[in-house]
Amino acid sequence: RILSQSKQQKRLLIISRHQHKQHITMPISDFNGTWNNVAKENMDEFLKSQGAPWAGRKIVCAEKPSVTIAVDDTSFKIDMTGRAGFNLELAAGAEPKEYTGTNGKTWYDTYEIVGETIVLTRVDKKTPGKLVQVRSIEDGKLVAKNTWTNESDGSTCAMTLTFAKA
């Protein structure tokens, strides 16, 4: 009977481990490398909320860009292909860096590592608005959750891009 009880406890422990994900801290270097876009959620509405024209939105939504990331404790480099692509190199804790996109929009960019995420904040002083991109690794994929806030009226719009390792 004692042996039987011990087997039951082990079985419950195994079931419990499978039902509850254990939190494992991952190295930030897991973000490094080239990733190919495999999914987009709400991209057209997201671009529309920023004033992107219809034709441009259709082109960007049809693309399957790739992104290359190099991040460590002191810097964050990102190179994204495609019509809405960009290339940034930012230092940790630095003042916002000015960047002008292919569409002529000027952003002021900063980044920080928050837990197991990379948070890129892009401020557009002309619109005015703020874009916050939170990158994480979920089930082996790079997930970029983007939220645009129009600071004139307080409206927000979000989209998610998912990438698989190349």
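Heads up: the structure comes first, above all this text.
To start, this report covers the structure provided alongside it. (Residues numbered from 1 in each chain as written. Predicted model: local features only at pLDDT ≥ 70, side-chain atom pairs only at ≥ 80, totals over all residues. Heavy atoms only, no water.)

Rolled over the atoms, a probe with the dimensions of a water molecule shows which regions are left empty. Taken as a whole, the largest pocket spans an internal volume of roughly 740 Å³. In terms of lining, the largest pocket is formed by 36 residues, of which the most central are L47, V60, R83, A84 and N103. Of all the secondary-structure elements, those providing two or more residues to the lining of the largest pocket are α2 (43–49), α3 (54–62), β8 (129–138), β9 (141–150) and β10 (156–165). Partitioning the lining of the largest pocket into residue classes produces 19 nonpolar, ten polar and seven charged. (1 Å grid on protein atoms, 1.4 Å probe; cavity = no way out; pocket = protein on both sides within 12 Å on 5 of 7 lines; lining within 4 Å. Points joined across faces, edges and corners; volume = space filled by probe spheres on them. Helix = DSSP H or I, 4+ residues; strand = E, 2+ residues; numbered from the N terminus. Nonpolar A, V, L, I, M, F, W, Y, C, P; charged D, E, K, R; others polar.)

Let's shift gears to the packing of aromatic side chains. In the structure shown here, the tally under the stated rule is three aromatic pairs. With 6.4 Å between their ring centres and 65° between their planes, F86 and Y99 make a pair best called edge-to-face. With F86 in strand β4 (residues 86–91) and Y99 in strand β5 (residues 97–100), the pair connects residues that are 13 residues apart, well separated along the chain. By the burial criterion, F86 is buried, and Y99 matches it. Each ring, one from W107 and one from W148, has its centre 6.0 Å from the other, and the planes form 85°; the classification is edge-to-face. With W107 in strand β6 (residues 106–114) and W148 in strand β9, this pair connects stretches of sequence that are 41 residues apart. Between the NZ or CZ atom of K105 and the centre of the ring of W148, over which it lies, the distance is 5.3 Å. Residue placement shows K125 over the ring face of Y108; its charged tip is 4.3 Å from the ring centre. (Phe/Tyr/Trp six-rings, centres within 6.5 Å; stacked < 30°, edge-to-face > 60°. Buried < 20%, exposed > 50% of the residue type's maximum accessible area, 1.4 Å probe, protein only. Lys NZ or Arg CZ within 6 Å of the ring centre and 35° of its normal.)

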